[in-house]
Amino acid sequence: MDFLRPLTWEDALAAKAEHPDAVPIQGGTDVMVEMNFDVHRPPALLDLNPVRELTEWDGVDGRLRIGAGVPYVRLIEELGDRLPGLAQASRTVGSPQIRNRGTVGGNLGAASPAGDSHPPLVAGDAVIEVESAARGTRMIPATEFYTGVKRNALEPDELIRAFWTDPAPGPQYFSKIGTRNAMVIAVCSFAIALNPETRRVGTGVGSAAPTPRRATAAEDFLSAELDWENRGPLSVSAAQRFAELVKEAASPIDDVRGTADYRKHALSVMARRTLTWAWNDYRGAVPGTGEGKEAS
Amino acid sequence: MATPVKAPGHVAAPGKGGVGDSPLRPDGTLKVAGEFAYASDLWMDGMLWGATLRSPHARARILSIDISAALAHPGVHAVLTHEDVPGKKHYGLDLTEDQPVLAIGEVRHQGEPIALVAADHPETARRAMEKIAIEWEVLEPVTDPRKVIADPEKYKVQRLGGITRHQPVRVGDVDAARERAEVVVSGEYEVGIQDQAFLGPEAGLAAPSEDGGLDMYVSTQWMHWDLKQIAPCLGLPEDRIHMTMAGVGGAFGGREDLSMQIHAGMLALHTGKPVKMSYNRYESFFGHVHRHPAQMRYEYGATRDGRIVYADVEIILDGGAYTSSTLNVTGNAASLGVGPYVIPNIRIDAYGVYTNNPPCGAMRGFGAVQACFAYESMMDKLAEACGITPVQVRQRNAISQGDKLATGQIVDAPAPLAEMLARAEAMPLPPPADQSDIRNLPGGASQTTHGEGVVRGVGYGVGLKNICFSEGFDDYSTARVRLEVIGGEPTALVHTAAAEVGQGLVTLKAQIARTELGVQKVTIAPADNQVGSAGSSSASRQSYMTGGAVKAACEAVRAELFRLAGWRLGREFDDLSLVGGKVVSRSEGVLASIEEILGDKVIEETREFHHHPTQRMHPVTGQGNSHTQLGLCVHRAVVDVDVELGLVKVVELAAVQDVGKIMNLLSLEGQIHGGTAQGLGLAVMEEIVVTNGLVRNPSFTDYLIPTILDMPPMRLDILENPDPKAPYGLRGAGEPPTLSSTPAVVAAIRDATGKALTRVPVRPEHIVS
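Since this is a predicted model, take the numbers as computed values, not measurements.

K.L.:
Tell me about the overall build of chain B, and name the residues and values.
P.N.:
Helix and strand content of chain B: 18 helices and 34 strands. C-alpha extents for chain B along the principal axes are approximately 80 × 75 × 60 Å. Taken across its 769 residues, chain B has 59% of its residues classed as buried. Relative to all contacts within chain B whose residues are 6 or more apart in sequence, the contacts with residues 24 or more apart total 80%.

Next up, the structure:
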């Protein structure tokens, strides 16, 4: 097996162009596990760790551009206030050791339907920046990035450089079911993001379909239903309808981690609860500042 | 022959503590720092790596095996099949010898070893292994143990086939008692397959020795019993195989059966080179037996005030394709099938059966765990039917010293169960969870609730476990103790073959030597077969058995030292003791230091320690004094359940255990914590999921064991009512907590949810359905 170790992004793109079979590796928390279990024997590994720019993030014209190599622990510590949904999801990834090494870039590359970062990326309208030496940069919305179980929209010569997302314009929550209270792969997961500026609700459903997906009908229903203007209370029937629509958006399977029926049920409960938390936060927030305050 | 790198050496026991103190473990810091040498760390220059080709099928005929492509693979030194086994082709525990060293024409479970490869690199060995071509005829596996019991001849998966053991227990007249019963409750219960999930996968090294035999460095629970199985298969006399215990990374019963021992030996003999084998986590799930899954039917009759008048019980344990420990596991399920309760009329039928499901054998609790989940669930059911509390129903039926067990055996040591229950109930309950931190709630950091749907529940569980080997086995341990002056200081060397599997025996042996010999410096020799058998590190028996043997050997050394003192001092004394390195006469005070008496003499004594004899269970009535000692533990579990999502947070586990004598509080607490955690795992998450004989989750990604966020703080109340027959009055302590924590946690979940929950592990979908 070849081990490619470019020092710059340009060299990384060149290496990927020359070795399209090479598997990029950053934290190794997924790639190495699969190799240990002999799931893959890639002809080459492309180590992106020396490419330091991948571990940086920056604000660009009011948006956040976050390098593919920023580990979860830094998303939690450095961006938890601006991206609370993603930070909460990051907090559920593995153990402290895994969060020190694992990255959103790796999650995107693996494109497992159970990846924890996917639902908040989808709910928050994130866009994935990918690049090849031959054709330059492509900006792919998260919703279009996942193409199947463990498949994504990358071409063989492309690498993930960063993802783009807005600082949370409103409350965000992430919730995940596991049969253990830590270090567990999602049985199913759900993310919600309220955008008071556009008066839209974003959702992300994880581990309940071949790919992470939005619950579009639930979003449309709720965006129209919520009393954005007066921050009025959330009706029980609206919350239930939203939960029902989220459930209908999922197409889970029975597997060793849980049954399809349980996944659907759990998604509806998580949808209702996270919506309640988010709307209560919004109702309690001081208008215009975006500061969250506990609803009484 | 050279010694491998990372082979164990002599260990200076840290601290100064004797019996009752808590000196630190010599391996503790090393393990925490990642520096302890496990069997997987063994290394010899020029060694080869062995790999094992295993069956992908639960049951299939092997029509042909073609090894030529594998043998031609560059770097490969050997490819072996059953035709290359030098001696006996079968081995097995309890003299059953029904397990092929390598499959012969047929495989009977997924993961059964078929062929071995030795190569100069582990990856080379694996790649060559894939080139072994096998022509299969896949057969329908036998997976339903009830079908086997109904027609054992039809569903015979191997020569012994059918029912491994049917052990009845018959006391009184159940049918007559049924007529009189005022309250009848019944239930069907199921226990899934639990895995030992030790953290150090199977590994070891075999090297050709100068005498034409083998030096074997293995990670096992009982090297002498290993040797009895290894030697005939390798065609070597036992005295040509030199066994040394390599660093063991946990066992819990999973190392009682052989794994790579014979295989590495075959490759080393064949190639003339040292061969190391080291399983990865995936292979480990197929490399050892698991806890028997169980299907159980219980019916209890009682008086209206909750006194049990009869028990009618059927227990079915699925042992998989080979016998392993199933004979004794079934015996335990039968003799302990109704637990620590006095019941005048009993009918128990316990069955162990052969199927093509994953092979099962020894695991902490050994047949008593499965029954405990059922009988404790029944006690709660009975309490509810009689309108009394779970503690009351248990107290009304509790055994105490002088009572009879189901086997007719009289409990001859203290067994204050009613008092233990009262103590558990009297402990203060934990406060409501601090909901401001989601880690305190069900779901933890996954944030499934901020308090919505969370209901608290409380439950109790009681477990009764036999300690040491039962049913007439002549169980013994051997210890050699040497006392000499080294560097001006009297030093004891303790040598046994007992396996330190993490339980802390290494610490305890030094404590006993300090107490018995009055010295501070103690060295522990590596376990090997240059000293007699210590028996297995199983059945919570090593403190009792090897502790007893070390004590006996120390007493012999002491007697010899006193004889020497009499000779040196020119007269006899009959009131000597050893205290603080001095020979002390009760009447005359300090006579001399140990080093003055010893001079350059070396005193070395070897002793065997046997526990009192036991009897076999009667094959028809199950009666007999079959157990050496009995251990009791009571648990109270407090849980918070998210009843809408079915997620559980165990808030607190309180335990009351009678250990006879606290030998080392730190180690003891570790054993109770660990046993409790393993029981919690069985209650809510640990299961090898099997479909049609095939394992669906052979990894720590999907075989879940409790983390620190799942295992709550514990409140312990440890009693010391001595057992007069046991060394220091001690009672084996490692297993009883594993029994009682499972039913306590499930009872607490039932209390919170009102669900019947008749199967463990409880899954979220059981709670929300």
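K.L.:
So what about the overall build of chain A? Which residues, and what values?
P.N.:
Along chain A, the regular secondary structure elements total 11 helices and 13 strands. Whereas a compact globule of 296 residues would reach a radius of gyration of roughly 19 Å, chain A reaches 19 Å, a difference of no more than 12%. Of all 296 residues assigned to chain A, the portion counted as buried reaches 50%. If you take every contact in chain A between residues at least 6 apart in sequence, the share linking residues at least 24 apart comes to 63%.

K.L.:
Tell me about the sheet that holds strand E10 (residues 163-171) of chain B, and please be specific about residues and values.
P.N.:
Working definition: the strands of a sheet are paired by backbone hydrogen bonds and lie parallel or antiparallel to each other. All names here are of chain B. Taken in spatial order, the six strands line up as E10-E19-E18-E17-E11-E34 in an open sheet, and their pairing is mixed. With one partner strand each, in any of the chains shown, E10 and strand E34 (759-760) form the two edges of the open sheet. By the bridge criterion, nine bridges tie strand E17 (residues 294-302) to strand E18 (residues 308-318) in an arrangement that is antiparallel. The residue bridging Glu299 from the neighbouring strand is Asp312, located in E18. Seen against the sheet, helix H10 (residues 368-386) touches strand E11 (183-191), E17, E18 and E34 and runs at an angle of roughly 150° to E11.

K.L.:
Break down the domain arrangement of chain A for me, with residues and values.
P.N.:
Residue and element names in this part refer to chain A. When cut into domains, chain A gives domain 1 (2-43 + 56-165) and domain 2 (172-284). Contacts between the two partners involve 22 residues from domain 1 and, on the opposite side, 24 residues from domain 2. Secondary structure elements with two or more residues in the side of domain 1 that touches domain 2: helix H4 (84-91), helix H7 (118-123) and strand E8 (146-148). Residues belonging to the side of domain 1 that touches domain 2 are distributed by class as follows: 10 nonpolar, 10 polar and two charged.

K.L.:
If you had to explain the interface of chain A and chain B to someone new, which residues and values would you point to?
P.N.:
Contact with chain A, which involves 28 residues of that partner, is made by 29 residues of chain B. When residues of the side of chain A that touches chain B are traced back to their parent elements, those giving at least two are H4, strand E11 (172-177) and helix H11 (260-284) of chain A. Among the residues forming the side of chain A that touches chain B, the class breakdown is 13 nonpolar, 10 polar and five charged.

K.L.:
Before we move on, can you summarise the environment of B:Gln196 with the specific residues and values?
P.N.:
Here B:Gln196 is to be found in the loop between E11 and strand E12 (203-208). In this structure the C-alpha to C-alpha distance between B:Gln196 and B:Lys582, which are 386 residues apart in sequence, comes to 46 Å.

K.L.:
Please set out the packing of helix H10 (residues 236-249) of chain A against H11(A) residue by residue, giving values where relevant.
P.N.:
Residues and elements named next belong to chain A. The contact between H10 and H11 brings their axes to 8 Å, and the two run at 140°. In terms of axis orientation, H10 runs oblique to H11. Between H10 and H11 the crossing geometry is right-handed. Counting all contacts with H10, which are made through Ala239, Gln240, Phe242, Ala243, Glu244, Val246 and Lys247, the residues of H11 involved are Lys264, Leu267, Ser268, Ala271, Arg272, Leu275 and Thr276. For the contact of H10 with H11, the residue count by class is seven nonpolar, three polar and four charged.

K.L.:
Explain the sheet that holds strand E13 (residues 200-206) of chain A to me, and be specific about the residues and the numbers.
P.N.:
Residues and elements named next belong to chain A. Ordered by their spatial adjacency, three strands build an open sheet running E11-E12-E13, and the pairing between neighbours is antiparallel. Lying at the two open borders of the sheet, with one neighbouring strand each, are E11 and E13. Ignoring strand direction, the axes of neighbouring strands in this sheet form an average angle of 10°. Pairing geometry for E11 and strand E12 (residues 188-195), over six bridges, is antiparallel. Across the sheet, Tyr173 pairs through a bridge with Ile192, a residue of E12.

K.L.:
Quick one: what's the story with the nonpolar core, residue by residue and with numbers?
P.N.:
Membership of the largest hydrophobic core comes to 323 residues, with the highest contact counts inside it found for A:Val246, B:Val117, B:Val639 and B:Val745. Residues within four places of A:Val246 in sequence aside, it is in contact with A:Phe190, A:Thr203, A:Val205, A:Ala215, A:Ala218, A:Leu267, A:Ser268 and A:Ala271.

K.L.:
Explain the domain arrangement of chain B to me, and be specific about the residues and the numbers.
P.N.:
Residues and elements named next belong to chain B. By domain assignment, chain B separates into domain 1 (39-140 + 201-248 + 255-287), domain 2 (290-470 + 616-768) and domain 3 (476-610). Put simply, the middle of domain 2 and the middle of domain 3, counted by C-alpha atoms, are 38 Å apart. Tallying the contact residues gives 19 residues for domain 2 and 15 residues for domain 3. Partitioned by chemical class, the residues of the side of domain 2 that touches domain 3 number 10 nonpolar, seven polar and two charged.

K.L.:
An account of the packing of H10(B) against helix H17 (residues 736-753) of chain B is requested, with residue identities and associated values reported.
P.N.:
Residue and element names in this part refer to chain B. Their axes nearest at 9 Å, the elements H10 and H17 cross at an angle of 40°. Put simply, H10 runs oblique to H17. In this structure, the crossing between H10 and H17 has a hand that is right-handed. Contacts from Ala368, Val369, Cys372, Phe373, Glu376, Ser377 and Asp380 of H10 reach H17 at Thr738, Leu739, Ser740, Thr742, Pro743 and Ala747. Considering only residue class, the contact of H10 with H17 consists of seven nonpolar, four polar and two charged.

K.L.:
I'd like a description of the confidence of the model for chain A, backed by residues and values.
P.N.:
Mean pLDDT over chain A stands at 94; residues scoring 70 or higher make up 96%. Residue range residues 288-296 of chain A is modelled with pLDDT below 50. Its contacts to residues more than four positions away, or to other chains, number 14 contacts.

K.L.:
Run through the pairing of strand E10 (residues 159-165) of chain A, naming residues and quoting values.
P.N.:
Residue and element names in this part refer to chain A. Most of E10 is tucked away, with six of its seven residues classed as buried. Where strand E5 (residues 63-67) and E10 come together, four bridges link them in antiparallel fashion. Following the sheet pairing, Leu64 is matched in E10 by Thr165.

K.L.:
A description of unusual backbone geometry should follow, citing residues and the corresponding values.
P.N.:
Leaving glycine out, the prevailing phi sign among residues is negative, and the prevailing peptide bond configuration is trans. Following B:Val760, the chain continues to B:Pro761 via a peptide bond in cis, the omega torsion being -5°. Within the secondary structure, B:Pro761 sits in the loop between E34 and helix H18 (764-768). Positive phi is not limited to glycine here, since A:Met183 has a value of about 50°. The topology assignment puts A:Met183 in the loop between E11 and E12. With 22 C-beta atoms packed within 10 Å, A:Met183 lands in the buried category. Its identity as a non-glycine residue notwithstanding, B:Phe366 has a phi of 40°, on the positive side. Within the element layout of this structure, B:Phe366 appears in the loop between strand E20 (360-361) and H10.

Cut-off values and rules
Residues numbered from 1 in each chain as written. Chains lettered and ligands numbered in written order. Predicted model: local features only at pLDDT ≥ 70, side-chain atom pairs only at ≥ 80, totals over all residues. Helix = DSSP H or I, 4+ residues; strand = E, 2+ residues; numbered from the N terminus. Buried ≥ 20, exposed ≤ 12 C-beta atoms within 10 Å, placed from the backbone. Contact = placed C-beta atoms within 7 Å. Rg over C-alpha atoms; globule rule 2.2 N^0.38 Å. Pairing = 2+ DSSP bridges. Axes fitted to C-alpha atoms, helices over the stretch in contact; angles between N-to-C directions. Domains from an automatic or database assignment. Nonpolar A, V, L, I, M, F, W, Y, C, P; charged D, E, K, R; others polar. Parallel < 35°, antiparallel > 145°, perpendicular 65-115°, else oblique. Left-handed = near helix turned anticlockwise from the far one by under 90°. Core = buried A, V, L, I, M, F, W, Y, C linked by C-beta atoms within 7 Å. pLDDT = per-residue confidence, 0-100.

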